[in-house]
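A look at the structure
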Amino acid sequence: MKAFLKENFVLVLGISLPLILVIAVIALQSIIRSSVEPPQYGIVFAEPETYYMQPWAFEVKNKKLVITYQEDNRPDHYIDVSVWLQHYDPVSGKMERVRINKPDNYNEGEEVTITVPQHFADLSLSDKNKSPDGYTFSRASHSSSSIFTDIFGYNSRKRDYRLHKNGVSFNLPDRGHKYRYENAVFIGWVEHE
Amino acid sequence: MNNDKQSALNEIIGIAEKYDITADDITARMIKDAPEKEGYKTRLFKTIFSYLGGLFIFSGLCTLVSMFWDDYNSATRVLVTFGPGLIALILAVAADKDARYEKAVTPLLLIAAFLQPTGLFVLLSEYFDGNDKALAAMIVFGPLTVQMSLLFSKMKRASLVFFWTLFGFAFFWALMDKIGLDGDLIAMILGLSGLLVSYHFNRTPYRSFVPFTYFVFAGSFACGIFALLENAPPLDFLLIGIAAGMIYVSVLAQSRSFLVASVITMLGYLGYFTSEYFADMVSWPIAIIMMGFVMLGLSRYALKLGAEIK
């Protein structure tokens, strides 16, 4: 063993460098994660069907969700006529998704209040940035590509959303390759009854 | 290596050192003398048409598969991608045991190295749902790295070392991305790791691919560390020292490709400093001229260093 190490010292060093870093990062993440209580409060957020959230607006009034729809005079391709309303419960891991559409017979410029789907209407919400247990809803900040890979045309920016607190992140569930999170809009935290 | 071959090698090295003959001199002479050997033209035509024939067959098969891709079910898609790769691998192992087919081994390994990961990605895409590219890359490249290293322990070929390196570093990149490390940090760490691995293999008989890996890993290290230190004064002043260190190490490593990458790195870093700290100053044109003189001096120094690399 000693002879092998002596003869192949540089090779062993080259392979062990990234391995040591990986082990150190995983160990550090585990230690930090064990010191933080997992999120206990559900989150409600919305995602556009394609890209733009206009002309939808989401508010929390008297702890209840209010949804309004008002088109302005922007071109049609800047308007999303459908959005996905979503409720993620980190304790059970369940994600409730409901699609809401532009109202029928809509008159341009008019502000219309949309009926909130029953599941979301029953929720009691808080629109504070931080949940009662200190978590925030944010987008993953790191990129898996670098200048080196950008030279070869590979560019991958993370689109994951997560619940984040004190350096610990809990990603929202992976919904499969057809459904990536796009431009999610935070609405509120689900208060416990 | 048997004793006769080892003795002959020792004798050759002794003569080469005595008369200051380099490995490049020996290779150049062998290439120059090759056409004069008996049967050279026959072997040349045979090789050319063999490679062309194999290329045409492979291209035709790929085109055939792609034309009917939409008509295949999931199992067929996996079979037509991974299957030929596995067959090529088995044939390569069989050909390695027969001296008559020794030249077919590397092309077969190349086909296996291309088709096996393709087939595995198709398998994951067809039968599993998910958006985790890093996990998929780990699942594909991890076992292939082990496969190539096991094959190398039996077959002792440079191409296997190259594929082992390629798949191994792809696996590490995916793993480090999976645990949340930034892409630039990954590029820096794996670049450094790759340089060390290349340094090791440059001193073995399996060194034919090392110039390429030296260049790629030096580029990765340089890009990664630049992205981490740029726009972070005064830490970005370390970049010049790093580039100088790379040039120095390239001479120690006796690698021209590493030297080229290091010189390009130095020029790039100098360009960054020029634009970052001198662009708005009246002395900007003077800085450009001075940079030009520095480039000339650096290129002359690099030529001198290159001449020292035998």
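Structural data are supplied above this passage.
Predicted model only: the values in this text are computed from it and were never measured. (Residues numbered from 1 in each chain as written. Chains lettered and ligands numbered in written order. Predicted model: local features only at pLDDT ≥ 70, side-chain atom pairs only at ≥ 80, totals over all residues. Heavy atoms only, no water.)

It is worth spelling out the side chain of Ser169(A) at this point. Residue and element names in this part refer to chain A. As for its placement among the helices and strands, Ser169 is situated in strand β10 (residues 168-171). By relative accessible area, which is 17% here, Ser169 ends up buried. Within the structure, Ser169 has its side chain in polar contact with the side chain of Arg162 (distance 3.0 Å). Within the structure, Ser169 has its side chain in polar contact with the side chain of His164 (distance 2.9 Å). For Ser169, the residues in contact, after removing those within four places along its chain, are Arg33, Arg162, Leu163 and His164. (Helix = DSSP H or I, 4+ residues; strand = E, 2+ residues; numbered from the N terminus. Buried < 20%, exposed > 50% of the residue type's maximum accessible area, 1.4 Å probe, protein only. Polar contact = N/O pair within 3.5 Å; in protein donor to acceptor, adjacent residues only side chain to side chain. Contact = heavy atoms within 4.5 Å.)

All names here are of chain B. Following the sequence through the fold, Ser257 ends up in helix α11 (residues 256-277). Ser257 gets classed as buried once you look at its relative accessible area, which sits at 16%. A distance of 2.8 Å separates the side chain of Ser257 from the backbone oxygen of Pro211, its partner in a polar contact. The contact partners of Ser257, leaving out residues within four places of it in the chain, are Pro211, Tyr214 and Phe215.

The next thing to look at is empty space enclosed by the protein. It is a probe the size of a water molecule, rolled over the atoms, that shows where empty space is left. Residue and element names in this part refer to chain B. For the coordinates displayed, the defined rule picks out one cavity of 30 Å³ or more. In this structure, the largest cavity spans a volume of roughly 30 Å³. Around the largest cavity, the lining residues are Ile247, Leu259, Val263, Leu298, Tyr301, Ala302 and Leu305. With four residues, the top contributor of residues to the lining of the largest cavity is helix α12 (residues 284-308). Considered class by class, the residues forming the lining of the largest cavity number seven nonpolar, no polar and no charged. (1 Å grid on protein atoms, 1.4 Å probe; cavity = no way out; pocket = protein on both sides within 12 Å on 5 of 7 lines; lining within 4 Å. Points joined across faces, edges and corners; volume = space filled by probe spheres on them. Nonpolar A, V, L, I, M, F, W, Y, C, P; charged D, E, K, R; others polar.)

To continue, consider the packing of helix α4 (residues 74-96) of chain B against helix α5 (residues 105-127) of chain B. Residue and element names in this part refer to chain B. Direction vectors running N to C along α4 and α5 enclose 155 degrees, while the axes themselves pass 7 Å from each other. As the angle between them shows, α4 and α5 are arranged roughly antiparallel. Remark: the crossing between α4 and α5 carries left-handed chirality. Among the residues forming the contact of α4 with α5, the class breakdown is 20 nonpolar, six polar and three charged. (Axes fitted to C-alpha atoms, helices over the stretch in contact; angles between N-to-C directions. Parallel < 35°, antiparallel > 145°, perpendicular 65-115°, else oblique. Left-handed = near helix turned anticlockwise from the far one by under 90°.)

All right, on to the sheet that holds strand β11 (residues 185-190) of chain A then. All names here are of chain A. Taken together, the five strands give an open sheet; going across it, the order is β5-β4-β1-β11-β7, and neighbouring strands pair in antiparallel fashion. Each having just a single partner strand, β5 (94-101) and β7 (125-126) make up the two edges of the open sheet. With two bridges connecting them, β7 and β11 associate as antiparallel partners. Each residue of the ladder has a partner; that of Ser126, found in β11, is Trp189. (Pairing = 2+ DSSP bridges.)

What follows deals with a nonpolar patch on the surface. A grouping of Leu44(B), Phe45(B), Ile48(B), Phe49(B), Leu52(B), Leu55(B) and Phe56(B) is seen on the molecular surface, where their side chains present a nonpolar patch of about 730 Å² in accessible area. For Leu44(B), the location among the structural elements is in helix α3 (residues 40-67). (Patch = residues over 30% accessible without salt bridge, like charges linked within 9 Å, V, L, I, M, F, W, Y side chains within 5 Å. Areas by Shrake-Rupley, 256 points an atom, 1.4 Å probe, with all protein chains shown as cover. Salt bridge = Lys/Arg side-chain N within 4 Å of Asp/Glu carboxyl O.)

On to unusual backbone geometry. All names here are of chain B. You will see that Lys156, though not glycine, has its phi angle at about 50 degrees, which is positive. Looking at the secondary structure, you find Lys156 in the loop between α6 (133-155) and α7 (158-178). Classification of Lys156 as partly exposed rests on a relative accessible area of 45%. Even without a glycine there, the phi angle at Gln254 is positive, about 60 degrees. Within the secondary structure, Gln254 is located in the loop between α10 (238-252) and α11. For Gln254, a relative accessible area of 34% gives the class partly exposed.

All names here are of chain A. The three strands lie next to each other as β8-β9-β10, forming an open sheet whose pairing is antiparallel. Looking at strand neighbours, the two that pair on one side only are β8 (136-139) and β10, the edges of this open sheet. Strand-to-strand twist across the sheet, computed as the mean angle between neighbouring axes with direction ignored, equals 40 degrees. Sheet topology note: the β8/strand β9 (residues 161-165) ladder contains four bridges and is antiparallel. Residue pairing across strands places Ser138 opposite Arg162, the latter belonging to β9.

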